[in-house]
Amino acid sequence: MDWLNALIQGTLLGGLYALFAAGLSLIFGVMRLVNIAHGDLIVLAAYLGLVVTSAIGVHPILAMALVVPAMTLIGYALQRGLLNQTLGDDLLPPLLVTFGLSVILQNGLLEGFSADPQKLSAPGLETASVALGSISLGVLPLLTFGIAVAVIWGLQWTFYKTSLGRAFRAVSDNQDIAQLMGLNKRHIFGLAMALALAVTAVAGILLGLRTSFDPSSGGGRLIFGFEAVIIGGLGNLWGTLAGGVILGVAQTIGAKIDPGWQVLSGHIAFLVILAIRPQGLFPRMSG
Amino acid sequence: MNLSDYSVTRTSQSARVAAVLGAIGLIVLIAAPWWAGRADMRLMSELFLYLALASLWNLMAGYAGLVSVGQQAYVGFGGYMLFALTIFGGLHPIAAIVVAGLLGALIAIPAAVLIFRLRGAYFAIGTWVVAEVFRLSFAQVSALGGGSGSSLPVGIVKSLASGRSARESLSYWLALGSAVLVIASVYFFLRSRRGLALTAIRDNELAAGSLGIDIWRTKFAVYVVTAALTSLAGALIFLQKLRISPDAAFSVNDWTAFVIFIVVIGGIGTIEGPIIGTLIFFLLRETLADLGTIYLMVLGVVAIVVMLKAPKGVWGLIRARFDLQLFPLGYRVVRPTSKKDT
């Protein structure tokens, strides 16, 4: 029963990892950009949530109503003001610029909020659980997983059923021809980053509710998101959810064996999948 | 005048002057224990070790196109190997440093086979995963202090050389030696046949591949050699620090972020770049370090601005203006100097 419990908890945890990964996957899909600062942006969203909840005293879930638009604006501004200039054939500028951004964000947060771990508190929600037979499921993990499924469904719908999604797919396939057809790729990239950071905002708030965070936690979140993307296969959002679940399950099972092995066993699962199926489990495009 | 009057040469006046000045500078640096204070020598040792790390990262990113954000894996690995080999293996510290380098190459082989499956930017994050695996694994080794780390026993430190000043001189020379070793290896490697292949891959991977260069194997060799020398530098770094812990040994900020900033600011893809970058980095650090986190933010901003506005770094700006090359790698055509023809 313990193992079944670990399996279920891991699956629910995977929802959070899929949310970390969805933004990463989206911007890679649209503009082949890998954002090293992605994890730090998740942590930034968590801190924004902290500011909103402590300033106006609302529930963290409701704080999303402010944090999501804020991160959306940051995303658009960041893409148009900085990241668009790095895109091109050369791999180095986007990597190094987002790496520099990561260091700036980390130290900015350190300057503003100190290195003390923080947590978003939501009395009631954090401890609430429902019993399912002999297993008790936390309401927060269930909610997180539900949100993850909804977000991925929403992204999928945006991508394949809306005119914005058509624009995303067009610039992804061929930037120059999309441009000739009257799409402004700089604007489209801005919208893609805005959407990605909106997802990041949701992920950041849910992260802050689940565990404590500090300015240096960004790197770890980036790695989890990245592992979920690669395990799931590039360009497939549902695959990314599956990747997140596999990572989450590997971690909870590792933690069951020895608490020190939690994160390590997630990395090992990732490396094993990389060794036996380098293109990921459900790839839709090649890297 | 006819074509045969032209000659092709590798060297230039500036390179010859640089070689002479470099040799004099090196002699002055070797003599540092007789003219520099204890604190200066420590600072210079640190500078040389950063120079070694930066030159190695530059070889990977600037020439082989392998952008790694996980070189701390080998810095930490080298440091831990120094501790393990001296404490449990009973090796002399200098022997342990050499063996640490060899073990670094050995462990880099399976790591490379795995992460070479990832392309471009995903490769970069893959290297970070490897570094995290190393960090978490060493944190599990209770014999080496687990998560809290351990110190190098006094007996081992004393076995390095008798007397405190002799030890300090020796560890200074080791640091200087490692920087010279790394720069010389990079220089002679790039001038060799394989180095030419590497430069060709950097300039155009597709064309290089179609000319019969084995791209995978060339990059693989660069990764493994870099790992070996990075482990060696890591062992030296922790020989200076005398204390190791997983978080310090596998720190992204200390061993990768700073190194990337050094190379980007100095000029990526040149041998001179990391040298200039290291000097600028230490100059900034010694003047701005009191600012703490602000200093790191400034460094991040400077790196971003350099990457966007002057992607070839400070050395690129100098070279565009003065046509200098201190480490001659390319060939140049020299016009005949006779006065008859116009």
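The preceding data block contains the structure.
Residues numbered from 1 in each chain as written. Chains lettered and ligands numbered in written order. Predicted model: local features only at pLDDT ≥ 70, side-chain atom pairs only at ≥ 80, totals over all residues.

**Q** Looking at this structure, I do not really get the overall build of chain B. What am I missing?
**A** Counting its regular elements, chain B contains 16 helices and four strands. Within chain B, buried positions represent 42% of all 342 residues. The contacts of chain B with a sequence gap of at least 6 include a subset with a gap of at least 24, amounting to 78%. (Helix = DSSP H or I, 4+ residues; strand = E, 2+ residues; numbered from the N terminus. Buried ≥ 20, exposed ≤ 12 C-beta atoms within 10 Å, placed from the backbone. Contact = placed C-beta atoms within 7 Å.)

**Q** Please clarify how the interface of chain B and chain A should be interpreted in this entry.
**A** Reports of interface size often rely on the accessible area that becomes lost once the parts have come together. Contact with chain B, which involves 32 residues of that partner, is made by 34 residues of chain A. Within the residue set of the side of chain B that touches chain A, elements represented by two or more residues are α6 (120–140), α13 (252–266) and α15 (293–309) of chain B. With twelve residues, α6(B) is the largest single contributor of residues to the side of chain B that touches chain A. Split by residue class, the side of chain B that touches chain A holds 24 nonpolar, five polar and three charged. (Nonpolar A, V, L, I, M, F, W, Y, C, P; charged D, E, K, R; others polar.)

**Q** What is the right way to read the environment of Thr9(B) from this model?
**A** Residues and elements named next belong to chain B. Position of Thr9 among the secondary structure elements: in strand β1 (residues 7–9). Take Thr9: there are 11 C-beta atoms within 10 Å of it, and that puts it in the exposed class. C-alpha separation for the pair Thr9 and Asn58, spaced 49 residues apart in sequence, amounts to 26 Å. Other than its neighbours up to four places away in sequence, Thr9 contacts Arg332 and Val334.

**Q** Got a minute to help me understand helix α11 (residues 262–276) of chain A in this structure?
**A** Given 3.6 residues per turn, any residue in an α-helix points the same way as the ones three and four places further on. Look at α11(A): 22 Å from first C-alpha to last across 15 residues, which is about the 21 Å you get at 1.5 Å a residue. Where α11(A) is buried, its residues meet α9 (218–232) and α10 (237–257) of chain A together with α5 (93–115) and α6 of chain B. (Expected span 1.5 Å × (residues − 1).)

**Q** Is there a simple way to think about the environment of Ala175(B) in this case?
**A** All names here are of chain B. Of note, Ala175 is situated in helix α8 (residues 164–191). Counting along the chain gives 128 residues from Ala175 to Leu47, while the straight-line C-alpha distance between them is 8.6 Å. Once you skip the residues sitting within four places of it in the chain, Ala175 turns out to touch Ser45, Phe48, Leu49 and Leu236.

**Q** Sorry if this is basic, but what is going on with the pairing of strand β1 (residues 129–132) of chain A here?
**A** For a regular strand, the rule is simple: side chains alternate between the two faces of the sheet. Residues and elements named next belong to chain A. Across four bridges, β1 lies against strand β2 (residues 135–138) in antiparallel orientation. Across the sheet, residue Leu132 finds its bridge partner in β2, namely Ile135. From the end of β1 to the start of β2, which pair antiparallel, there are two residues, and Gly133 there has a positive phi angle of about 65°. (Pairing = 2+ DSSP bridges.)

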